[in-house]
Amino acid sequence: MTHKLCAAAEGVVLTDDEIAANFGDLHKPLNAIQAMAAADHCIYCYDAPCITACPTSIDIPTFIHQIRTKNVDGAARTILSENIMGGTCARACPTEVLCEQACVRNHGGEEPVEIGLLQRFAIDHLMAKGGKHPFERASATGKRIAVVGAGPAGLSCAHRTAMLGHSVTIFEAKPKAGGLNEYGLAAYKMIDDFAQREVDFLMGIGGIEINYAHPLGGNLSLRELRDTFDAVFLGVGLGNTNRLGLDGEDKHGVLDAIDFIEELRQKRKKADMTVGQDVVVIGGGNTAIDAAVQARALGAAHVTLVYRRGEDAMGATKFEIDLARTNGVVVEPWAKPTAILGGKAVTGMVFERTARDAKSGKLFGTGDTFEVKADMVLKAIGQKLDATALDGLDLAAGKISVLDGFVTNISGVFAGGDCVKSGEDLTVQAVEDGKQAAHAIDAYLKS
């Protein structure tokens, strides 16, 4: 069922309670009876394609069978043994194009098993119980690992290396851990401060400390880390944003969507967040959808999402696009921005219709233009690596170049997550990168 917000019409201001309701849970969690019924839908097939479709290779049929047999703690451990941030992934992972799309139930015209909701059920159950961390550390090795970035890749690497007996120090630029889980996902996907609760749970393994307000560069250099620690893992993400390259990009009201989402995530009272009445979002990925839907949730009367190509090329899934439309976002494909209107503040945008050349596949402008009224423009046209403090590292296609095992060209330095090209820029892929890099670091230290 698609999440439906309290609508805002022109000239109508939403109440604080209506805005708070708009940021309720996107997917209602399963209760115990619903979870048992959903688990019964799984046929526990041999060589299950859902496992292959999961970047972290969770044994999905096994954990669902454990739920069916009321071994919910065991189900959680099965999940977490492969994906220590399975709680966030259950909330924000595009399961509809990964494990659930691969479910064999689809072939019979049935609904797939609700894998994401079952995963959330198991992990939420275990976390709610509290108590001892589900995994124990190996004997201390005396080795010290530096992890740069407390996002999904860095936290995953830290947890697994700590579990292998190493001592880990994380250096994080921001005042909170979690990376995009804390700062970059829509608030309605991560209610009740889940990102921080998951960090606290992960830290329960022991052997990990986090130094906040420690960005790489300035007082913290890669050379210093190499001299001080036995190995270094870089999970620095993509810290810079792309620009439109248009005059007026510095006008009041023109913002990066990721900054808008970050500010909103840190607001305890969502009604305190400033939003325009006529909002234009530029981009076609999940960040664009999150920004557009949340602008509507805050009370924007009109939200238009514009993308230069067709919907089939959008990074957002069909579910996310439908979510936007259901909540009143106008989706305009095949259009590119050509001008930002207004004086000191933005008043509108000019777009040119685009088309794709049948032979070359290249995009071109048709010359047909249109204007969209806007008092807020949110740019979601991609992020890029900030390489200013990565001296000596080889880069390829704007990311850190790594070999098998997430090894960089510098001995003892590893990298993973969005800052490398290992797969889709998803939380679940970053977690897998960190996990695999941890095992590579362990092998490096032993050798």
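Structure first, text after, so check above.
As the structure is a prediction and not an experimental result, all values here were calculated from the model.

Undergrad: Please clarify how empty space enclosed by the protein should be interpreted in this entry.
TA: Where empty space is left becomes clear once a probe the size of a water molecule has been rolled over the atoms. Applying the stated criterion across every chain yields a total of 4 cavities of 30 Å³ or more. The volume enclosed by the largest cavity comes to roughly 120 Å³. What lines the largest cavity is a set of 16 residues, and nearest its centre among them are Cys-54, Cys-93, Thr-95, Cys-99 and Gln-119. For the lining of the largest cavity, the secondary structure elements donating two or more residues are helix 6 (86–92) and helix 8 (115–129). Tallying contributions element by element places helix 8 first for the lining of the largest cavity, with 3 residues. In terms of residue class, the lining of the largest cavity is made up of 11 nonpolar, 5 polar and no charged. By volume, the second largest cavity is sized at about 90 Å³. Cys-42, Cys-45, Cys-50, Cys-103 and Val-113 are, among the 15 residues lining the second largest cavity, the residues nearest its centre. Within the residue set of the lining of the second largest cavity, elements represented by two or more residues are helix 3 (49–53) and helix 4 (60–68). With 3 residues, the top contributor of residues to the lining of the second largest cavity is helix 4. Taken together, the residues of the lining of the second largest cavity sort by class into 13 nonpolar, 1 polar and 1 charged.

Undergrad: Looking at this structure, I do not really get the sheet that holds strand 12 (residues 363–373). What am I missing?
TA: For sheets, the rule is that strands pair by backbone hydrogen bonds, running either parallel or antiparallel. With antiparallel pairing, 3 strands are arranged side by side in an open sheet as 10-11-12. Looking at the sheet topology across the chains shown, the edges are occupied by strand 10 (335–342) and strand 12. Taking the axes of each pair of neighbouring strands and ignoring which way they run, one obtains an average angle of 25 degrees across the sheet. By the bridge criterion, 8 bridges tie strand 11 (residues 346–356) to strand 12 in an arrangement that is antiparallel. By the bridge assignment for strand 12, Ala-355 is matched with Phe-364.

Undergrad: What should I look at first to understand the sheet that holds strand 7 (residues 278–282) in this one?
TA: Strand order in the open sheet formed by 5 strands is 6-13-7-8-9, and the pairing between neighbours is parallel. Since the sheet does not close on itself, it has two edges, and those belong to strand 6 (254–256) and strand 9 (329–332), each with one partner. This sheet shows a mean twist of 20 degrees between the axes of neighbouring strands, independent of strand direction. Bridging between strand 6 and strand 13 (residues 376–379) involves 3 bridges; their strand directions are parallel. Following the sheet pairing, Val-254 is matched in strand 13 by Val-377. Relative to strand 6, helix 13 (residues 257–265) is tilted by about 75 degrees, and along the sheet it contacts strand 6 and strand 13.

Reading the values: rules and limits
Residues numbered from 1 in each chain as written. Predicted model: local features only at pLDDT ≥ 70, side-chain atom pairs only at ≥ 80, totals over all residues. Heavy atoms only, no water. 1 Å grid on protein atoms, 1.4 Å probe; cavity = no way out; pocket = protein on both sides within 12 Å on 5 of 7 lines; lining within 4 Å. Points joined across faces, edges and corners; volume = space filled by probe spheres on them. Helix = DSSP H or I, 4+ residues; strand = E, 2+ residues; numbered from the N terminus. Nonpolar A, V, L, I, M, F, W, Y, C, P; charged D, E, K, R; others polar. Pairing = 2+ DSSP bridges. Axes fitted to C-alpha atoms, helices over the stretch in contact; angles between N-to-C directions. Contact = heavy atoms within 4.5 Å.

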